[in-house]
Amino acid sequence: MNKDQTHGRVEQVKGKVNEAVGKVTNNPARELKGDLQQAVGKTQANYGDAKEEVKKDIKREDKHH
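Below you will find a few notes about this structure.

Here is what the cut-offs are and how they apply
- Residues numbered from 1 in each chain as written.
- Predicted model: local features only at pLDDT ≥ 70, side-chain atom pairs only at ≥ 80, totals over all residues.
- Heavy atoms only, no water.
- Helix = DSSP H or I, 4+ residues; strand = E, 2+ residues; numbered from the N terminus.
- Rg over C-alpha atoms; globule rule 2.2 N^0.38 Å.
- Contact = heavy atoms within 4.5 Å.
- Areas by Shrake-Rupley, 256 points an atom, 1.4 Å probe, with all protein chains shown as cover.
- Lys, Arg positive; Asp, Glu negative; His and termini not counted.
- Charge placed at Lys NZ, Arg CZ, Asp CG, Glu CD.
- Expected span 1.5 Å × (residues − 1).
- Buried < 20%, exposed > 50% of the residue type's maximum accessible area, 1.4 Å probe, protein only.

**So, the overall build of the chain**
Thought 1: Across its full length, the chain holds 2 helices and 0 strands.
Thought 2: Its C-alpha atoms give the chain a radius of gyration of 17 Å, more than 25% over the compact-globule value 11 Å for 65 residues.
Thought 3: If you line up the chain on its principal axes, its C-alpha atoms span 60 × 15 × 10 Å.
Thought 4: Of the contacts made within the chain by residues no fewer than 6 positions apart, 58% connect residues no fewer than 24 positions apart.
Thought 5: Looking at the chain as shown, the accessible area adds up to about 4900 Å², and 58% of this sits on carbon and sulfur atoms.
Thought 6: Treating the 14 positive side-chain charges of the chain as one cloud and the 11 negative ones as another, the clouds have centres 4 Å apart.

**Quick notes on helix α2 (residues 28-64)**
Thought 1: Across its 37 residues, α2 extends 54 Å between first and last C-alpha, which sits within 8% of the 54 Å expected from 1.5 Å per residue.
Thought 2: When α2 is considered as a whole, its buried residues turn out to be Gly-34, Gln-37, Gln-38, Gly-41, Ala-45, Gly-48 and Glu-52.
Thought 3: In this structure, the buried residues of α2 make contact with α1 (3-24).

Just geometry here; none of it tells us what the structure is for.
Printed below as a string of structure tokens:
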């Protein structure tokens, strides 16, 4: 797991917490912050996943040549 995957998933969790706290406290700004954190986290995690796939593909290519 690379740092983008890790940071992205952590940000998603933080976003879920902020969203839940925003709902419970009736704080739309905090809820929105949580939604945005989740979106940013998901994007970063997906980017990290893609980097890992590229690394795997390069290793497979190297083995075949």
